[in-house]
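Structural characterization, general
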Amino acid sequence: MAGSRDVVPRSVVVGAAGVVLGAGLVLLGGRAVLKRQAAVARRRIGKPLGEEALDADRVWARRFDGPPLEFVVLGDSIAAGLGAERRKDTLGARLAKGLARAERRPVRLRTAAIVGSESSVLAAQVDALPADYRPDAAVIVVGGNDITHRVPVPTSVAHLEEAIVRLRARGAVVVVGTCPDLGALRPVPQPLRALGSRLSRQLADAQAVVAARTGARAVSLGRAVGPFFVTQPDEMFSLDRFHPSALGYRRTAEALLPSLLAELASAREDAVSPR
């Protein structure tokens, strides 16, 4: 017969079972709350902007001499420029104009980004580029839809890594704007907004690691422009309070442009003095 020290009192067993059951109920209740809040957020945001961004693809800054610098933007609705009311205010156009001014040459913009894309769609966006297309520079902004659709971080960054490798194989320098902080989205109620903020930061950190590992440069949009969206929501967001406004895209482009120029300068140095 077992000694008395091996006998667990029935009250302890019942108490432990109660704790486990209570925790399970809290978890289920929490999930139910988050599900309801997600539905509320979807109703509040809606789709007043539609699902098509303005077409900003063209050669920008034709006043400069020389062959155009080839520039491609991939990713989701932010990369596509949804929310901008004029094509010159889209993210791609703002970056193209900034590149042209700094490089003193025209820039041909190609937008491969698609509204609503998750990271898994990056492969199709690269596939859609002409086989002989050789971009000088590429910007990828993606991740927000991975968070809202609960894509595991390892799965998300694996798709990003593949896209970076393929773009670099075409000769492009690559800059990644990491996942924005979804905690800035006021239409999303708490605690869902706080959860979105935490998950988006985790994904952004993982994206930065992958970018560094594959020879790209990462820019933390959450840190660089996130505070502006938090403190100036009326100015930084478009009418759906979800996508950037013209000012929001300007701030985002200003955050990305220095890294883009630095990568191009580094590529030129490597071409002159191969390591």
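Structure shown above.
What comes next concerns the included structure. Remember, it's a predicted structure, so these values are computed and weren't measured experimentally. (Residues numbered from 1 in each chain as written. Predicted model: local features only at pLDDT ≥ 70, side-chain atom pairs only at ≥ 80, totals over all residues. Heavy atoms only, no water.)

Overview of the environment of Ala212
- Topologically, Ala212 is positioned in helix α7 (residues 192-213).
- Judged by relative accessible area, Ala212 falls into the exposed class, the value being 58%.
- Separated by 51 residues in the primary sequence, Ala212 and Glu161 place their C-alpha atoms 10.0 Å from one another. (Helix = DSSP H or I, 4+ residues; strand = E, 2+ residues; numbered from the N terminus. Buried < 20%, exposed > 50% of the residue type's maximum accessible area, 1.4 Å probe, protein only.)

Focus on the nonpolar core
- Judged by nonpolar contacts, the single largest core of 39 residues is most densely connected at Phe71, Leu91, Leu95, Leu99, Val139, Val141 and Leu256.
- If you list the elements that add at least two residues to this core, you get β2 (69-75), α2 (77-80), α3 (91-103), β3 (107-111), β4 (137-141), β5 (173-177) and α11 (246-272).
- Non-local contacts of Leu95, meaning those with residues more than four positions away in its chain, are made with Phe71, Val139, Ala253, Leu256 and Leu257.
- Core analysis: the second largest hydrophobic core is formed by 27 residues, Ala112, Leu122, Ile140 and Val142 among them. (Core = buried A, V, L, I, M, F, W, Y, C linked by side-chain atoms within 4.5 Å. Contact = heavy atoms within 4.5 Å.)

Quick look at the sheet that holds strand β1 (residues 59-60)
- The strand order across the open sheet formed by six strands is β1-β3-β2-β4-β5-β6, and the pairing between neighbours is mixed. Sheet topology places β1 and β6 (217-219) at the edges, where each strand pairs with a single neighbour.
- Two elements, β2 and β3, share five bridges in a ladder whose sense is parallel. Along β3, the bridge assignment pairs Glu70 with Arg108. (Pairing = 2+ DSSP bridges.)

Brief notes about the packing of aromatic side chains
- Per the stated rule, a full pass over the model turns up zero aromatic pairs.
- Positioned over the ring face of Trp60 is Arg58, at 4.3 Å from the centre of the ring.
- In this structure, Arg110 is placed above the aromatic ring of Tyr133, and the distance from its NZ or CZ to the ring centre is 4.4 Å. (Phe/Tyr/Trp six-rings, centres within 6.5 Å; stacked < 30°, edge-to-face > 60°. Lys NZ or Arg CZ within 6 Å of the ring centre and 35° of its normal.)

Comments concerning α7
- In this model, α7 (22 residues) spans 32 Å end to end at C-alpha, consistent with the 32 Å of a helix rising 1.5 Å per residue.
- Those residues of α7 lying buried are Leu192, Arg193, Gly196, Ser197, Ser200, Leu203, Ala204, Ala206, Gln207, Val210 and Ala211.
- Note on α7: the residue one or two positions beyond its end, Gly215, has a positive phi of about 85 degrees. (Expected span 1.5 Å × (residues − 1).)

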